[in-house]
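Topology and contacts: notes
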Amino acid sequence: MARAQAEAKSNRGTKPNPSAKPFPQALYETATRTSSAQWDRLLRHPWFLRPVSLYLQGVLTLVERSRMVVGFGLRLMNVPTREEIAALDRKLDLVQEQLDELTAHLVRSEPAAKVTRPAARKPTARRTTTTRRRTARAMSPKTVSEAAPDAAAASDAAETS
C-alpha cells in the first residue's frame, strides 16, 4: 500500500497542475495578506493612535503658532493683511466707478464747441551778448567798495531832480 501511495504521488508530480502558482508568487500573496491584516490591526489600536494623534496635534499647533508669529512680524512692519488689501481694492473700484460717472456727466454737459487754441506768442528778442551782467552779489568785495560811491551819487542825483 505504501508502494501504491508512492506511485500515486509520483504520478501526480508528473502531471502539470494548471491551478498551481509558482512558489515565490504564492509566498508573496500570503505575506501581503497577513501583513495587511496586521497593519490594519496596528493602525486601529489605541496604543498606536494616541501617540500619532498627539504628534499631529503638536504639528498643527506649531503651524498655527508660526502663522501667529509671522502675522505679528508683518503687523510690526506695517504690511497690510489680505483683508485690508481686499478692502482697498473695493474702495478703488468704487472710486473708479464714480470717476467714470463724473466723466460721462461732464462729457454730456459740455457743449459741442470747437476747441480753440490760444494765440501763439510772439518771439521775444534775445540778448546778443554772451556775457552775464555782474550783480552786486556776484561782484568781488573790491568791486563793491568801488561801486558804492557811484551808487550813492546816483541816488543823490535822483533825489535832487
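Everything below is about the structure printed above this text.
Note that the structure is a prediction, hence the values are computed from the model and not measured. (Residues numbered from 1 in each chain as written. Predicted model: local features only at pLDDT ≥ 70, side-chain atom pairs only at ≥ 80, totals over all residues. Heavy atoms only, no water.)

1. Re the pattern of salt bridges
- Within the structure shown, the criterion is met by 1 salt bridge.
- A salt bridge links D40 to R44; the nearest nitrogen and oxygen atoms lie 2.9 Å apart. Of the two residues, D40 and R44 both sit in helix α2 (residues 23–44), 4 residues apart, roughly one turn of that helix. (Salt bridge = Lys/Arg side-chain N within 4 Å of Asp/Glu carboxyl O. Helix = DSSP H or I, 4+ residues; strand = E, 2+ residues; numbered from the N terminus.)

2. Here we look at unusual backbone geometry
- Positive phi values are uncommon outside glycine, yet N78 reaches one of about 60°.
- Residue position: N78 is located in the loop between α3 (46–76) and α4 (82–109).
- In this structure N78 comes out as exposed when scored by relative accessible area, which is 69%. (Buried < 20%, exposed > 50% of the residue type's maximum accessible area, 1.4 Å probe, protein only.)

3. A few points about a nonpolar patch on the surface
- Taken together, the side chains of V52, Y55, L56, V59 and V63 define a hydrophobic patch exposed on the protein surface, amounting to about 420 Å² of accessible area.
- Tracing the chain through its elements places L56 in helix α3.
- The exposure class of L56 is partly exposed, given its relative accessible area of 46%. (Patch = residues over 30% accessible without salt bridge, like charges linked within 9 Å, V, L, I, M, F, W, Y side chains within 5 Å. Areas by Shrake-Rupley, 256 points an atom, 1.4 Å probe, with all protein chains shown as cover.)

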